[in-house]
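# Structural overview for review
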Amino acid sequence: MTNTDIISKTITFVKQQLANAEGGHDWFHIERVYKNALLIAREEKCDLQIVQLAALLHDIADSKFHNGDETIGPETARNFLESKNIAPETISHIINIIENISFKGGNFDKNFHSVELDIVQDADRLDAIGAIGIARAFNYGGFKNRALYDPEIAPNTNMSVEEYKRSQAPTINHFYEKLLLLKDKMNTQTGKQIAQQRHQFMQNFLSQFYAEWEGEK
Ligand code: ADP
Ligand code: NI
């Protein structure tokens, strides 16, 4: 099979896996991350096939919908790749990327590093900021029935992952707790540049939001 065949079979597989996914992690999230990853990869010396497959397979089973089980996604990805006769080293590399990108806890190699991981992680983070990031945040907040904003509830960046998940904090707080911190976590030069613009857009959004909240003209 050529790489083009493998990629198109992977796209079909991922679309099928995500047929009933929620709005923040649906096929279109994957498609955007895939495009971001290709954009960044153009400027980096990397194995393009690994970047492509890891981007496509990075969110195929959201642990939120599998009783917090973080092993299902990587397992499903591994089974798929094995059925396509991909080299074992390539498969392990892709699984390492998937595990390192999404997981908060769990038993995996947190010391794993590669330029391909850097690229896909940046691509995923870019989809959490800017206009799309804002849309995803309010979509998530609506799903959780959270307030848009409450001037009395201050953001808290010191919560544990568990506390954070349980928190019913308003969606605006999420900007200070996570989204505005992402630009300084970017790995690649291209990722940093794009993040800078999207960060500025979120800041403009917040200024406008507060002005409107106060009833300014
Ligand atoms: P990821 O898959 O990137 O690790 P999550 O599953 O935590 O991210 O979140 C998916 C989307 O929902 C992201 O765009 C993220 O910003 C948004 N989101 C996550 N937690 C919150 C929250 N507490 N308030 C608003 N949006 C959130
Ligand atoms: Ni993702």
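Residues numbered from 1 in each chain as written. Chains lettered and ligands numbered in written order. Predicted model: local features only at pLDDT ≥ 70, side-chain atom pairs only at ≥ 80, totals over all residues.

## Comments concerning the overall build of the protein chain
Each helix and strand counted, the protein chain has 10 helices and zero strands in total. Listing every helix and strand of the protein chain by position from the N terminus yields α-α-α-α-α-α-α-α-α-α. What you see for the protein chain is a C-alpha radius of gyration of 18 Å, in line with the 17 Å of a compact globule of 217 residues. Classification of the 217 residues of the protein chain by burial places 33% in the buried group. (Helix = DSSP H or I, 4+ residues; strand = E, 2+ residues; numbered from the N terminus. Rg over C-alpha atoms; globule rule 2.2 N^0.38 Å. Buried ≥ 20, exposed ≤ 12 C-beta atoms within 10 Å, placed from the backbone.)

## Observations regarding unusual backbone geometry
Positive phi is not limited to glycine here, since N85 has a value of about 55 degrees. Even without a glycine there, the phi angle at N145 is positive, about 60 degrees. Position of N145 among the secondary structure elements: in the loop between α7 (130-143) and α8 (161-166). Judged by the 7 C-beta atoms lying within 10 Å of it, N145 falls in the exposed class.

## Re the site of ligand 1
Residues in close proximity to ligand 1 include G24, S102, D124, A128, G133, R136, A137, Y140, G141, T171, H174 and L179, which together make up its full environment. At the level of elements, α7 and α9 (171-177) are the ones that each hand at least two residues to the shell around ligand 1. By residue number, the principal contributor to the shell around ligand 1 is α7, which donates five residues. Looking at the shell around ligand 1 residue by residue, the classes come out as four nonpolar, six polar and two charged. (Near = placed C-beta within 6 Å. Nonpolar A, V, L, I, M, F, W, Y, C, P; charged D, E, K, R; others polar.)

## Considerations on the domain arrangement of the protein chain
With domains assigned, the protein chain is organised as domain 1 (1-109) and domain 2 (128-217). Taking only C-alpha atoms, the centre of domain 1 and the centre of domain 2 are 26 Å apart. At the interface, nine residues of domain 1 touch 10 residues of domain 2. Per-class residue counts for the side of domain 1 that touches domain 2 are two nonpolar, two polar and five charged. (Domains from an automatic or database assignment. Contact = placed C-beta atoms within 7 Å.)

## Points about the confidence of the model for the protein chain
Chain-level pLDDT for the protein chain is 93 on average; 95% of the residues reach the 70-or-more range. Across the predicted assembly, pTM comes out at 0.93 and ipTM at 0.95. (pLDDT = per-residue confidence, 0-100.)

## Comments concerning the environment of G23
One can find G23 in the loop between α1 (3-17) and α2 (27-41). Sequence separation of G23 and R136 is 113 residues, and the distance between their C-alpha atoms is 7.8 Å.

## Considerations on the packing of helix α3 (residues 48-57) against helix α6 (residues 115-126)
α6 packs onto α3 with a crossing angle of 40 degrees between their chain directions and a minimal axis gap of 9 Å. It follows from the interaxial angle that α3 and α6 lie oblique. Seen from above, α3 lies across α6 with right-handed handedness. For the pair α3 and α6, the contacting residues are I50, V51, A54 and A55 in the first and E116, I119, V120 and A123 in the second. The class makeup of the residues in the contact of α3 with α6 is seven nonpolar, no polar and one charged. (Axes fitted to C-alpha atoms, helices over the stretch in contact; angles between N-to-C directions. Parallel < 35°, antiparallel > 145°, perpendicular 65-115°, else oblique. Left-handed = near helix turned anticlockwise from the far one by under 90°.)

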